[in-house]
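An overview of the molecular structure
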Amino acid sequence: MVEQLGFVALVKLVEVSEEHSNDFLNFDLRAFCVGRLSKNRQHTEADTEENAQTAEIERRIEQETKAEKHIQKLLLLGAGESGKSTIFKQIKLLFQTGFDEAELKSYVSVIDANIYQTIKILYDGSKEFAQNDVDSSKYVLSSENQVIGEKLSEIGSRLDYPRLDKELAEEIGNLWKDSAIQETYARGNELQVPDCTHYFMESLQRLSDANYVPTKEDVLYARVRTTGVVEIQFSPVGENKKSGEVYRLFDVGGQRNERRKWIHLFEGVTAVIFCAAINEYDQTLFEDEQKNRMMETKELFDWVLKQPCFEKTSFMLFLNKFDIFEKKVLNVPLNVCEWFKDYQPVSTGKQEIEHAYEFIKKKFEELYFQSTAPDRVDRVFKVYRTTALDQKVVKKTFKLVDETLRRRNLFEAGLL
Amino acid sequence: MPMYQPSSRREVDSSQVLDLETAVKDGVLGGGGGGVITTAAFASDKLDLKIMIEELESMDVPTVFICPISLEPMHDPVTLCTGQTYERSNILKWFSLGHCTCPTTMQELWDDSVTPNKTLQQLIYSWFSQKYLAMKKRSEDVQGRVKEILENLKKIKGQARVQALKELRQVVQAHGSAKKTVVENGGIGLISSLLGPFTTHAVGSEVIGVLVSLNLDLNSKSDLLQPAKMSLIVDILNEGSIETKINCTRLIGMLMEGTDFASENIASLSLLVGLLRLVKDKKHPNGVLVGLSLLETICSHESVRSSFVNVGAVPQLVELIPGLTNECLELVLHVLELLSSTPEGRLALKDCPNTIPNIVKLLMKASENCTQLALSILWAICKFAPEECASLAVDAGVAAKLLLVIQSGCNPMLKQRSAELLKLCSLNYTTTIFISKCKLTRTIQ
């Protein structure tokens, strides 16, 4: 076992054994360690060099421990499909080296899967509406498209998807253009139609190219249900190119079964970035089609706020998917969601969108103060309007988050 | 009659002025006292002495230029036979009242003629001209600088923008003329446009620092009252240094003045919580005063009161009471009184254990207004929950205080109220017990 120990560990062992003067490592073992450490060296020089090496390693261990303390932990939390992973990808693109070709190519299968799954949901949905809806005729497809639909539905139910080729792309495209499917898509909130649908369906030709390499935007739109925890470490590059804080960002799965894994991450968190998709006030959960998504987010936010370990943690609330919200709110009134049942529209167009947004923001604010005990009122709470797919918005938003956290640090150090 | 003590400054001033005269005659740029005048300017502009004296009011005029009678700079100095110089109109008035003496030396005048002191008059004129032109130049410099900064702000970003705004703020705070320039050159609109959802704290706090020193018209105010900008101002209030907090608070106060706003939009929970934090900061009494003023203004709108109570305002404000200045006490009491008009407010007041003791102490203590407000609050609570509150109030010594009010010179409304409250508090006690509880002195008994 000792053979497998790395250099560092060996030094530590020797150190420790010297401290405890042989009382738990026997003499032979210690000798072996020392021997290993002085391997490849002249025995006459062994002692001094060994000391130098040990000192060097000790210094590095100390440095790393100190550095760990300065790393600020950021946690991305939120319900499923709230945009956490998209923010995660954006940060990767902004502050790390982004995606290399291999990584980009790894998304091809994800995008294919998204396309097959989506068209299947739409096709199955159209059949359901055709059966149950009063106005059934508008959900009935043309006969050729029905054939295509059955074929694609079968493909979509497999575990392994075929690579999207020109033929399939054309078939999917035809099905997508069918008015029955478009009518179904208009009622997409009643099904589990993902937000990337329109984007991918309009790009089928490009995506089915034999040499297709996904663009950064494609990768941002690609939807994979996160499971487990993913992390990256980064340092936002400031104006003067000086490295500022060091952050470690954690992304988690948002669905209910994933949330039990969250608790392991809750210690020592500098800030929670809570993502709430404000467009989903008329949608239901993937994991529970009886539950309204906004209500789920409301309860989740409440739960997170009350966690004991977040007593001093800053909360950044990202009211996300504003781009989709903008288009929806003028057509679907907010009061379909129980939480927003007291909403009164005041005008039209842009003004109304702003008014609706402010209403939602206020609701979240109220919830925050209700769920925050008096002794926690001093923690930072800020609300940001985001569209996670827009890199500029994410960059600017993160700049503000960074500024806030840095000021908070100065404040806590008594320097402000 | 105040005697003018010739200060050592006189020597310096005279020499400065003499140098100036020579300089002006020779057409050489003068150096003393700051500012530059050219012969052309001096010769052509028939500057009105009266106007200059008015505009230079704040300047330290050399004592030798001041008339001993009126203590004002002289326009037309005349000298008496004693050698003392006065403003012509003043000394003639003195003579017309029948006096034949020199006011400062008290000597009998052997010669009642007044000689115009042309030299002094010239000197006064030159001195004021020099100061006036220097001030005008400085003002122009300032105006020029302000225009420059405003032009720059249209182009620069990042750290440079922050620096420019900082400089603008300093100039505007130091020079009144700068304010006018900013307004006239569309400065308000320009810097307001810098406030948005992505504005950094650094930029935002400087912009607010400038805006708060200016006179904002109705359009500018409506622009700033937009929800996105208001959110930013509130965020900056919550995160900023004490100066920034005070600026934000004052700016919001300015915006609320005279605008017909919908209070629900302005008084967000974040703002209310931020203001509470500000007023609790005893280390910065300026902040406390400004914060309480804004809270008072906000609470004058009914719709806000219950939200304010819900964020725990009442116990925090009650805790604040001991140790406040009279001015702040009035504000705090007014806020509490406004809150007591809501059911949640009354409940919160009743539930807070220190309400009654702290407020009873204020009766007849600070000012009549305070007493009136304190009485109002006590009345509201005691009416709301007489069994609980009456006994607490009595224990806190309210009875003696109320009797004091009744016997004092306060207005009759107050006395009436005190009597009613006294009656309310005494309802559960027999007279003897009540009197004993009052701990009254025998005379009052």
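All values derive from a computational prediction rather than experimental measurement.

1. Digging into the sheet that holds strand β2 (residues 85-87) of chain B
Residues and elements named next belong to chain B. Spatially, three strands are ordered β2-β1-β3 in an open sheet, and the strand pairing comes out antiparallel. Each edge of the open sheet is held by one strand with a lone partner, namely β2 and β3 (115-116). Bridge count between strand β1 (residues 77-79) and β3: two bridges; the pairing is antiparallel. Within β3, the residue paired with Thr79 across the bridge is Thr115.

2. Some points on the pattern of salt bridges
Two side chains with opposite charge may pair up if their charged atoms get near one another. Residue and element names in this part refer to chain A. For the structure shown, the criterion picks out 45 salt bridges over all chains. In this structure, Glu287 engages Arg259 in a salt bridge whose closest nitrogen and oxygen atoms are separated by 3.9 Å. Linking Glu287 in the loop between β4 (271-277) and α13 (293-305) with Arg259 in the loop between β3 (246-252) and β4, this pair joins segments that are 28 residues apart in sequence. For Glu287, a relative accessible area of 29% translates into the label partly exposed. The exposure class of Arg259 is buried, given its relative accessible area of 14%.

3. Concerning the interface of chain A and chain B
Frequently, the measure chosen for interface size is the accessible area removed from exposure when the parts meet. Tallying the contact residues gives 18 residues for chain A and 22 residues for chain B. Together chain A and chain B conceal approximately 1700 Å² of surface at their shared face, both sides included; 55% is due to carbon and sulfur atoms. Ranking the residues of chain A by area buried against chain B places A:Phe369, A:Leu400 and A:Arg407 at the top, with a combined share of 28%. Inspection of the region where chain A meets chain B yields two salt bridges. In this structure, A:Lys382 and B:Glu239 form a salt bridge, with 3.0 Å as the shortest nitrogen-oxygen distance.

4. Section: the state of the cysteines
Residues and elements named next belong to chain B. In this structure the tally under the stated criterion is zero disulfides over all chains. No disulfide involves Cys102; its sulfur sits 7.7 Å from the nearest other cysteine sulfur, which is in Cys81. For Cys102, a relative accessible area of 0% puts it in the buried group. Cysteine Cys299 remains unbridged, with the sulfur of Cys328 as its closest cysteine sulfur at 15 Å. When its relative accessible area of 0% is taken as the criterion, Cys299 is described as buried.

5. What about unusual backbone geometry?
We note that A:Glu81 has phi near 65 degrees; this positive angle belongs to a residue other than glycine. Mapped onto the secondary structure, A:Glu81 falls in the loop between β1 (71-78) and α4 (84-95). Of note, B:Met106 is a non-glycine position whose phi angle comes to about 65 degrees, a positive value. Within the secondary structure, B:Met106 is located in the loop between α4 (88-96) and β3.

6. Overview of the UniProt feature "domain: U-box" (unreviewed entry) in chain B
With numbering aligned to this structure, UniProt lists the feature "domain: U-box" (unreviewed entry) at residues 60-134 of chain B. Counted over residues 60-134 of chain B, helix gives 35% and strand 11%. Its end C-alpha atoms are 15 Å apart.

7. Quick notes on the packing of aromatic side chains
All chains considered together, the criterion is met by 29 aromatic pairs over all chains. With a centroid separation of 3.8 Å and an interplanar angle of 5 degrees, the aromatic rings of A:Tyr199 and A:Tyr221 are classed as stacked. Of this pair, A:Tyr199 sits in helix α10 (residues 197-201) while A:Tyr221 sits in helix α12 (residues 216-221); the two residues are 22 residues apart in sequence, bridging distant segments of the chain. For the pair A:Tyr199 and A:Tyr221, one class covers both residues: buried. Considering the side-chain rings of B:Phe65 and B:Trp127, the 5.9 Å spacing of their centres and the 75 degrees angle between planes classify their relative orientation as edge-to-face. One end of the pair, B:Phe65, is in the loop between α3 (49-55) and β1; the other, B:Trp127, is in helix α5 (residues 118-153), and 62 residues separate them in sequence.

Each value, and the rule that gives it
Residues numbered from 1 in each chain as written. Chains lettered and ligands numbered in written order. Predicted model: local features only at pLDDT ≥ 70, side-chain atom pairs only at ≥ 80, totals over all residues. Heavy atoms only, no water. Pairing = 2+ DSSP bridges. Helix = DSSP H or I, 4+ residues; strand = E, 2+ residues; numbered from the N terminus. Salt bridge = Lys/Arg side-chain N within 4 Å of Asp/Glu carboxyl O. Buried < 20%, exposed > 50% of the residue type's maximum accessible area, 1.4 Å probe, protein only. Contact = heavy atoms within 4.5 Å. Buried area = accessible area lost by both parts, 1.4 Å probe. Disulfide = S-S within 2.5 Å. UniProt positions renumbered as here; feature names shortened; annotations may be inferred. Phe/Tyr/Trp six-rings, centres within 6.5 Å; stacked < 30°, edge-to-face > 60°.

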